[in-house]
Amino acid sequence: MFLHSTQDAIAACKLWISNNAICLDTETTGLGDNAQIIEIAITDLNKNILFNQRIKPTTEIEYGALSVHGITPESLINCPSWPDIADEINRITTGRDVIIFNTEFDYRLMQQTARAFNSDTSWIDENIRYNCAMKCAALVYGSTNRYGTISLANATARAGVIWEGNAHSAAADALATASLVHKMAAHV
């Protein structure tokens, strides 16, 4: 769906709700080309957590990322790795509308993480219908930066979303995205 106006964004959110879309969020080791997912959560739009798991990476956690989400290497020692959870993520997301706040980033990190473990990436490309809540939020609430986008924190503040849990945990961010979708669908 091409989004050109506030009305397009509102219509997209209404469609996602009627299609029983799900929300996905990740926390990562960093932002670069070698960064990997270290936490992933999936919720439905009724704010039920369908999946929430920390993941052991093959790379170091960058200080900047650690200072944002607070996930330490020590907390990941006994966690599964991407290959241990990928089939479950695939099962939950296959054939679904998956809403991500900043889809390009999380999609790239799913690809990078799978490649780091020499895992299949085809399902990430072929089985999921990606939808970007950030693009909708920028149209509904206005962009707040030079990239023409808006952060999840700014979008939820402008929408009046009350956070459940701490920002920068995958589950709390996915739940905030679900709430934001409902707020945008009802925007007048």
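Up top you'll find the structure we're talking about.
Residues numbered from 1 in each chain as written. Predicted model: local features only at pLDDT ≥ 70, side-chain atom pairs only at ≥ 80, totals over all residues. Heavy atoms only, no water.

Draft legend 1. Local environment of the side chain of T43. Tracing the backbone shows T43 in strand β2 (residues 37–44). What makes T43 buried here is its relative accessible area of 0%. When neighbours within four sequence positions are excluded, T43 is seen to be in contact with I22, C23, N48, I49, L50, A171, A174, L175 and A178. (Helix = DSSP H or I, 4+ residues; strand = E, 2+ residues; numbered from the N terminus. Buried < 20%, exposed > 50% of the residue type's maximum accessible area, 1.4 Å probe, protein only. Contact = heavy atoms within 4.5 Å.)

Draft legend 2. Quick look at the nonpolar core. If you look at the biggest cluster of nonpolar residues, it comprises 30 residues, and the most contacted ones within it are W16, I99, F101, A137, Y141, L180 and M184. The contacts of M184, once residues within four sequence positions are left out, are I10, C13, A133, C136, A137, V140 and Y141. Core analysis: the second largest hydrophobic core is formed by 22 residues, A35, V98, I100 and M110 among them. (Core = buried A, V, L, I, M, F, W, Y, C linked by side-chain atoms within 4.5 Å.)

Draft legend 3. How the structure looks around the pattern of salt bridges. One pass over the structure, following the stated rule, counts five salt bridges. Linking R129 and D97 is a salt bridge whose minimum nitrogen-to-oxygen distance equals 3.1 Å. Of this pair, R129 sits in strand β5 (residues 129–132) while D97 sits in strand β4 (residues 97–100), and the two are 32 residues apart along the sequence. Look at D97 and you get buried, because its relative accessible area is 7%. (Salt bridge = Lys/Arg side-chain N within 4 Å of Asp/Glu carboxyl O.)

Draft legend 4. Focus on the pairing of strand β1 (residues 22–28). In terms of burial, β1 is largely enclosed, as seven of its seven residues are buried. Here β1 shows no split at all, with I22, L24, T26 and T28 on one side and C23, D25 and E27 on the other all buried. Summarising the sheet, β1 and β2 pair through seven bridges and their orientation is antiparallel. Along β2, the bridge assignment pairs L24 with I42. With two bridges joining them, β1 and β4 adopt parallel strand pairing. The partner of I22 across the bridge, within β4, is V98. (Pairing = 2+ DSSP bridges.)

Draft legend 5. The packing of aromatic side chains, seen in detail. Counted according to the given criterion, the structure contains two aromatic pairs. Where Y107 meets Y130, the ring centres are 5.3 Å apart and the plane angle is 80 degrees; that geometry is what we call edge-to-face. You can see Y107 sitting in helix α4 (residues 103–116) and its partner Y130 sitting in strand β5, a full 23 residues away along the chain. According to the relative accessible area criterion, Y107 is partly exposed, its value standing at 28%. (Phe/Tyr/Trp six-rings, centres within 6.5 Å; stacked < 30°, edge-to-face > 60°.)

Draft legend 6. View of the sheet that holds β4. Strand order in the open sheet formed by five strands is β3-β2-β1-β4-β5, and the pairing between neighbours is mixed. Each end of this open sheet is capped by a strand with a single partner; those strands are β3 (49–54) and β5. With strand direction ignored, the average angle separating the axes of adjacent strands in the sheet is 25 degrees. Strands β1, β2, β3 and β4 of the sheet are contacted by helix α8 (residues 170–185), whose axis makes an angle of about 35 degrees with β2. (Axes fitted to C-alpha atoms, helices over the stretch in contact; angles between N-to-C directions.)

Draft legend 7. View of unusual backbone geometry. Non-glycine residue K47 carries a positive phi angle of around 70 degrees. The residue K47 is located in the loop between β2 and β3 in this model. For K47, a relative accessible area of 34% puts it in the partly exposed group.

Draft legend 8. Examining the side chain of T26 more closely. Here T26 lies in strand β1. Of the polar contacts made by the side chain of T26, one reaches the side chain of D106; its length is 2.8 Å. When neighbours within four sequence positions are excluded, T26 is seen to be in contact with I37, E39, I40, D106 and A170. (Polar contact = N/O pair within 3.5 Å; in protein donor to acceptor, adjacent residues only side chain to side chain.)

Draft legend 9. Examining the packing of helix α7 (residues 152–159) against α8 more closely. Two numbers describe how α7 lies on α8: the axes approach to 10 Å, and their chain directions differ by 45 degrees. Taken together, the axes of α7 and α8 lie oblique to each other. Considering the relative orientation of α7 and α8, their crossing is left-handed. Facing L152, A155, T156 and A159 of α7, the residues of α8 in contact are D173, A176, T177, L180 and K183. Counted by class, the contact of α7 with α8 contains five nonpolar, two polar and two charged residues. (Parallel < 35°, antiparallel > 145°, perpendicular 65-115°, else oblique. Left-handed = near helix turned anticlockwise from the far one by under 90°. Nonpolar A, V, L, I, M, F, W, Y, C, P; charged D, E, K, R; others polar.)

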